[in-house]
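Close look at the chain arrangement
Below, each chain spelled out in residue letters.
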Amino acid sequence: MSGSWSAWILVAAAGLAAGTAIGSATDALSAVQVLREGGCGGVVPAARALRHELALDAVAQQWAGGLPLAAAAERNGYPALATSGLHLSSSDVGILDVLRRSACRTVTSLDLRALGVFRQGIESWIVMSSDYRAPHLPPTAGRTAPYIPPAPATPPVPPVESTRAPAPRNPPAAVLASQALQLVNDVRARGARCGERTFAPAPPLALSGTLANAAFGHAADMAEHDYFEHRDLNGKSPADRVRALGYREKFVGENIAYGPKSVEEVVQGWLDSPGHCENIMDPRFAEMGIAYATGRSGRHGLYWVQVLAEPRA
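Predicted model only: the values in this text are computed from it and were never measured.

Moving on: the state of the cysteines. Going through the model one piece at a time under the given rule, you end up with one disulfide. Paired by a disulfide, Cys-194 and Cys-277 hold their sulfur atoms 2.0 Å apart. Between Cys-194 and Cys-277 the disulfide shows an S-S torsion of about -55°. By sign, it is left-handed. With Cys-194 in strand β6 (residues 192-194) and Cys-277 in helix α10 (residues 274-281), this residue pair connects regions lying 83 residues apart in the sequence.

Time to look at the nonpolar core. Formed by 25 residues in total, the largest nonpolar core has its most connected members in Leu-205, Val-267, Trp-270, Met-281, Met-288, Ile-290 and Trp-304. Of all the secondary-structure elements, those providing two or more residues to this core are α6 (173-190), β6, α9 (263-272), α10, β10 (287-294) and β11 (302-311). Here the element with the most residues in this core is α6; it accounts for six residues.

Okay, unusual backbone geometry next. With phi around 60°, Asp-226 is a residue other than glycine that occupies positive phi space. Inspection of the secondary structure puts Asp-226 in the loop between α7 (209-225) and α8 (238-244).

Below, the discussion takes up the packing of aromatic side chains. Overall, the coordinates contain three aromatic pairs when judged by the stated rule. On the basis of an interplanar angle of 55° and a centroid distance of 4.8 Å, the ring pair of Tyr-258 and Tyr-303 is categorised as tilted. With a gap of 45 residues between them, Tyr-258 in strand β9 (residues 249-258) and Tyr-303 in strand β11 connect regions that are remote in the sequence. Tyr-303 sits in the buried class, given a relative accessible area of 0%. In this structure, Arg-284 packs its charged tip against the face of Phe-251, placed 4.4 Å from the ring centre.

Conventions used here
Residues numbered from 1 in each chain as written. Predicted model: local features only at pLDDT ≥ 70, side-chain atom pairs only at ≥ 80, totals over all residues. Heavy atoms only, no water. Disulfide = S-S within 2.5 Å. Helix = DSSP H or I, 4+ residues; strand = E, 2+ residues; numbered from the N terminus. Core = buried A, V, L, I, M, F, W, Y, C linked by side-chain atoms within 4.5 Å. Buried < 20%, exposed > 50% of the residue type's maximum accessible area, 1.4 Å probe, protein only. Phe/Tyr/Trp six-rings, centres within 6.5 Å; stacked < 30°, edge-to-face > 60°. Lys NZ or Arg CZ within 6 Å of the ring centre and 35° of its normal.

Here is the structure:
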């Protein structure tokens, strides 16, 4: 599984702790290392401990402060596409369990090399990178984009043919949604194992045009502004976005991904990740919408969004 993946975890705490002081990040750091060294209790192969880098702590703090993760990574000298993040809400005693249930395979990836954490109240921002900070970058104060050296005096002759890979050819939105619904409902009908949790068969989902509009709106916004998070640049959550479209919800969940080139690949990727899989298998959900948008800025791949919800009666 390649690309970037993130799930809006429904079991996150309902509110934020008061205060602005930076708390201890020891528990979050230790939790990641314990899961890696123990293979999430033997579920996956054990992995070596990650190096704690203060520069990644800074990335996590800037991300928590509202800067998109990709921009915070590049500001501190890390390749954006080699950096991933987890934002979760949990007390000190519960953080290990939350990571084990919702992000086990994410934190135990063998590609990872380093991590950093920012903690405030009951919220933790964990940033991991498969690459160390680039040592050759100049000072980055006030810079939100990667350093680009000056162009040579005589620009190179452009190639006769473009070598850029063609954009993936995906079906029209209605066809794509029907394909995704079929894949999701097939799994719900069988039941599934999501990490350490086993889910019994769940009722089928129905497509919702409103949820599809919410999914497309967020996918297009991420693609346009080059970020990858559940909260948009205005601080709105998935529940906020569906509510703004007039949808009356009881529960809302969201899965997002960056990189997959087909609906089959993105659904399988979500099913392979415990937190995303749990959202798909949650029997409380009754409707879904799915959409994608092509990146227009620093990333040119596809941004995918799946919104799941149970409407009020």
